[in-house]
Amino acid sequence: MTIQAARNEALDELLEFHWMMDMIQTVDVGIVVFNRNFEIKVWNGFMEAHSGLLPSDVRDQRLFDLFPDISEPWLTQKVKSVFDLRTRAFLTWEQRPYLFKFRNYRPITSTAPFMYQNIVFSPLNSATGAVDHVCMMIYDMTDAASAKKQLLSFQVKEAEQEQVKP
Amino acid sequence: MLSVLICDDSLVARKQVAKCLPQDLESRIHFAKHGEEALDAICENKGDLLLLDLNMPVMDGYETLSHIKQQDLPTKTIVISGDIQPEAKQRVLNLGAIDFIQKPVNADELRSVLEKHQFLKSDASIKDEPEALDETLRDCYQEVANVAMGQAGDHLARIMNVFVKLPIPNVNLIEVSELHMMLSDVDAHESTSGVCQGFLGDGISGEALCVLSDSSFSDMAKIMQVKGKIDDQMQLELLMDVASILIGTCLRGLANQLDMQFRQGHPVVLGQHQSVQELISANKSAWRKTLAIELSYGLEGFNVQCDLVLLFTEDSMEMMNAKLAHLLEE
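Here goes a summary of the coordinates provided. (Residues numbered from 1 in each chain as written. Chains lettered and ligands numbered in written order. Predicted model: local features only at pLDDT ≥ 70, side-chain atom pairs only at ≥ 80, totals over all residues.)

## Let's talk about the pairing of strand 1 (residues 30–35) of chain A
Residue and element names in this part refer to chain A.
Inference 1: Residues Gly 30, Val 32 and Phe 34 of strand 1 are buried on one face, while the alternating residues Ile 31, Val 33 and Asn 35, pointing to the opposite face, are not.
Inference 2: Inspection of the sheet shows strand 1 paired to strand 5 (residues 131–140) by six bridges, in the antiparallel sense. Counted as the bridge partner of Gly 30 is Ile 138 from strand 5.
Inference 3: Linking two consecutive strands that pair antiparallel, namely strand 1 and strand 2 (residues 40–43), is a turn of four residues; a positive phi of about 60° is found at Phe 38 within it. (Buried ≥ 20, exposed ≤ 12 C-beta atoms within 10 Å, placed from the backbone. Helix = DSSP H or I, 4+ residues; strand = E, 2+ residues; numbered from the N terminus. Pairing = 2+ DSSP bridges.)

Below, the structure written as structure tokens:
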């Protein structure tokens, strides 16, 4: 009886783990986990779909080998505080439009040439309390960015027209 | 309108004095960092009333007073000093000062001195004092902020390899219109860039505001070992890095003491190269009073001025007070 109960519990946990993983896979936010050496441990469905790289292609590969456009000294400096101070680090699309050059989600009706991204680096505590991994979350900000850019260009146009008037 | 000149080498002190000026005193406020600047300002009619510190570099308060006396400059001087020896008081009065106030200055005392010398009509009926923060509670917030700020400063120092000059945290209940006053040490002529970031947890919510004066960027780039051109994009990058570290560590320090955790939203750029006024008024909303904790950091040997303001919503205070209750127990 008790063995049976323990078995059921273990099975439940396994099933739960399964749908939790599924959730990480399908959520519409890019999730990448890497270690201090920038070797990739998690690469979710969002990243797979947009980059065309399978999780098996990227696992244990260094981020900089897969994406040579990303500057290693720059990102290392950025992530240093996340590992050392356990604070989050942020990148906004205003600061740099993207880290991964992905195609726009709506290639037909949107005019943006690529996906604008907001990125968060968050420390992950291991069982021992040390921070050995960092979770990077990539948000699609294309709509907000295009709207703001449109608004800006409209304001500039208006200001120019004001100047033309006597 | 009365022009008031506040002369003190300490930024915190200048700000504190400005904040203590009665709200119904119709005045234009100017600042000077030492006696020479003050004399120049008086000559430009920027100092009908001079609030003067004694210990300052370049030209101290005593010298300033004797210059004013010799040249018969059109100003009245009230000395505000930490030097409370009777001798000091007597000396400044002999040199022509009309009164002497002890540091740290408080609003009530400054008010009564101004009334005494008729800079202000004494009218009890128009007393519309904003409700002040309970003294013990303020002290408590100040202490908590102090610890959090120390941690944030330490983190900044370790990442950047610099010595961080720690300020005295300023804790106040303010209204939105007062927010720009709070940041008034950022020179009115100087442009600034800022980001804000929302945070919440356990029924406590608020926003962190990080404002960096534009003149800080070249030194900041040196510290962060950035090579290449310091263009707008690079400045934004530096601002984000500083903001992430300061806001992140400061919030974590606060949260630890309150035994909770804050979630942080994504930071939003308030604006680049704007005056502080523009920065804030462009983002003004309908909030009323907030609890504001202001920290202004400087880096030794560098021209870097960075203000961090943590603003808590009014309804968060109840929860915070409850969480801080254990610190208040005897």
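## Some thoughts on the environment of B:Leu209
Residues and elements named next belong to chain B.
Inference 1: Mapped onto the elements, Leu 209 comes out in strand 9 (residues 204–213).
Inference 2: With 25 C-beta atoms counted inside 10 Å, the residue Leu 209 sits in the buried group.
Inference 3: Counting along the chain gives 98 residues from Leu 209 to Asp 307, while the straight-line C-alpha distance between them is 7.9 Å.

## Some words on the pairing of strand 9 of chain B
Residue and element names in this part refer to chain B.
Inference 1: With nine of its ten residues buried, strand 9 lies for the most part within the structure.
Inference 2: Both strand 8 (residues 192–201) and strand 9 contribute to a ladder of ten bridges, which runs antiparallel. Each bridged residue has a counterpart across the sheet, and for Gly 194 the counterpart in strand 9 is Val 211.
Inference 3: Turn length for the strand 8-strand 9 hairpin, with the two strands adjacent in sequence and antiparallel, is two residues, and the turn residue Asp 202 shows positive phi of about 55°.
Inference 4: Taken together, the seven bridges between strand 9 and strand 13 (residues 305–312) define a ladder with antiparallel strand orientation. Looking at the pairing, Val 211 lines up with Asp 307 of strand 13.

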